[in-house]
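Chain by chain, the residues:
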Amino acid sequence: MQNPYYNEAKASLIIRKLQPENKEAPIQFMEAPITDHKLFYRRNHFSYPRLAQANYWLPVNGHVRTPKLFSIDELRKLPSRTIKVTMECAGNKRRFFEPKVFGEQWEKGAISQGYWKGVSLHTVLQQAGLKQGAKEVVFEGYDYGVRTDLDAVVSFVRSLPLKKALHPDTIIAYEYNNQPIPFRHGFPLRLIVPQWYAMASVKWLKQITIIDQEFSGPFQTIDYMYYPNKETNDNAQPVTILNVNSIIQKPLHMEILNTGIHPIKGIAWTGKGIITKVEISTDNGETWSEAKIQNQTHGHYGWVTWEMNWKITKKGEFTILSRASDSHGRVQPATPLWNRKGYGYNAIDKVNIKIE
Ligand SMILES: Nc1nc2c(c(=O)[nH]1)N[C@H]1C(S)=C(S)[C@@H](COP(=O)(O)O)O[C@H]1N2
Ligand SMILES: [Mo]
């Protein structure tokens, strides 16, 4: 009889905070190119909103010729797009900054990917008709709560500049992997902004407003800014496009292996162009060789997987590194750009192992 405990273990989310719910994906154990929604990381600023689909309308208003209310059915009837997107939290890997920074101590799993289906925001905005002077599009979510720094109740609101808002792949999504969007990930409607850090992809859309100036809400002017100085806000820059990045999924950090042939494998992604190269070092950066990239991202915004076979006959301790490059000449740096809120960590990935 087969051992009943055989293969019982399953991957599960890793808890960073229970309330609001912040959990990361078990990214080292994810072989599938598409993240099942049960293993999709969860990042929330507030408690989950209460909303009933029964009377759900999406208002599009502000600096438009005809303010509109869209039902979900109406949106579903408009031409649709399905896009594969890597979603990464701007705070992914925050844990690895030195000196340490405050905030959720994400390791490597605040990232997931899958297929989002929806209607181009462009199409929806066209129906309302932008007025001359329209500058940004503001997206409000149904969730809200207290911000300790402002001592005020606010909702999660973010804007996009018109150019990004009008890109045909910026969509109002209603499905994830061919199913209605799971509630935790923004049901019934969620903005999806490919190539930007995921704070831009506002969940539980409540309203879309076109404005003729720059938006200045706290999730845009206080948070999600790179502050290079510890003490001042000098030289602050908004967080937008994903940095070029990679992780090693195998072997695991501090794993003990035998001599022989071992696969070294992982994923790599970027918010600009495509991944052109992933280099691996097994001697802490003295020598590098190219891993084989398995599914190139032409035509979608997903990550690539990469792999290399490593033949090792020597015993001892080894530091394995991965370094990705993209088609815009960006390369993962040896040291990350430190910033006070800990966004955009993308230093060369590293695991230590022992051969015995
Ligand atoms: N309404 C709303 N949208 C939101 C957020 C939020 O707290 N509320 N968090 C943002 C951030 S910072 C991230 S990383 C992603 C997380 O999406 P997920 O929980 O589906 O993984 O949603 C973004 N959209
Ligand atoms: Mo995030």
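Residues numbered from 1 in each chain as written. Chains lettered and ligands numbered in written order. Predicted model: local features only at pLDDT ≥ 70, side-chain atom pairs only at ≥ 80, totals over all residues. Heavy atoms only, no water.

### What about the overall build of the protein?
For the protein, the count of helices and strands is 4 helices and 23 strands. The C-alpha atoms of the protein give 22 Å as radius of gyration, which agrees with the globular expectation for 356 residues (21 Å, within 12%). With the principal axes as the frame, the protein shows a C-alpha extent of 70 × 60 × 40 Å. Residue burial in the protein is summarised as follows: out of 356 residues, 51% are buried. For the protein, the share of sequence-separated contacts (at least 6 apart) that also reach a separation of at least 24 residues comes to 71%. Entry remark: accessible area of the protein is about 17,500 Å², with carbon and sulfur atoms responsible for 50%. (Helix = DSSP H or I, 4+ residues; strand = E, 2+ residues; numbered from the N terminus. Rg over C-alpha atoms; globule rule 2.2 N^0.38 Å. Buried < 20%, exposed > 50% of the residue type's maximum accessible area, 1.4 Å probe, protein only. Contact = heavy atoms within 4.5 Å. Areas by Shrake-Rupley, 256 points an atom, 1.4 Å probe, with all protein chains shown as cover.)

### A word on the site of ligand 1
Looking at ligand 1, there are 19 residues lining it, with Y41, H45, D143, H185 and K203 nearest. The side chain of H45 places a nitrogen or oxygen atom 2.8 Å from an oxygen atom of ligand 1. The contact in question runs from an oxygen atom of ligand 1 to an N or O atom on the side chain of K203, over 2.6 Å. Here ligand 1 has 540 Å² of accessible area as a free molecule, and 100% of this is covered by the chains. The cavity that encloses ligand 1 is the largest cavity. (Near = heavy atom within 4 Å. Polar contact = N/O pair within 3.5 Å; in protein donor to acceptor, adjacent residues only side chain to side chain. 1 Å grid on protein atoms, 1.4 Å probe; cavity = no way out; pocket = protein on both sides within 12 Å on 5 of 7 lines; lining within 4 Å. Sits in = over half its atoms within 2 Å of the grid points.)

### Side note on the sheet that holds strand β16 (residues 255-257)
What links the strands of a sheet is backbone hydrogen bonding, and the strands pair in either a parallel or an antiparallel sense. With respect to topology, 5 strands assemble into an open sheet ordered β16-β23-β22-β18-β19, the strand pairing being mixed. Every other strand in the sheet has two partners, leaving β16 and β19 (289-290) as the edge strands with one partner each. Pairing of β16 with strand β23 (residues 349-355), which is carried by 3 bridges, proceeds in the parallel orientation. By the bridge assignment, I256 is partnered in β23 with K354. (Pairing = 2+ DSSP bridges.)

### Things to note about the nonpolar core
W116, F139, I172, L189, L205 and I208 are the most contacted members of the largest nonpolar core, which has 66 residues in total. With 5 residues, the single largest contributor to this core is strand β9 (residues 171-176). Beyond its immediate sequence surroundings of up to four residues, I208 is in contact with L58, P59, V60, N61, L121, V137, V138, F139 and I172. Grouped together as the second largest cluster of nonpolar side chains are 20 residues, M308, W310, I320 and V351 included. (Core = buried A, V, L, I, M, F, W, Y, C linked by side-chain atoms within 4.5 Å.)

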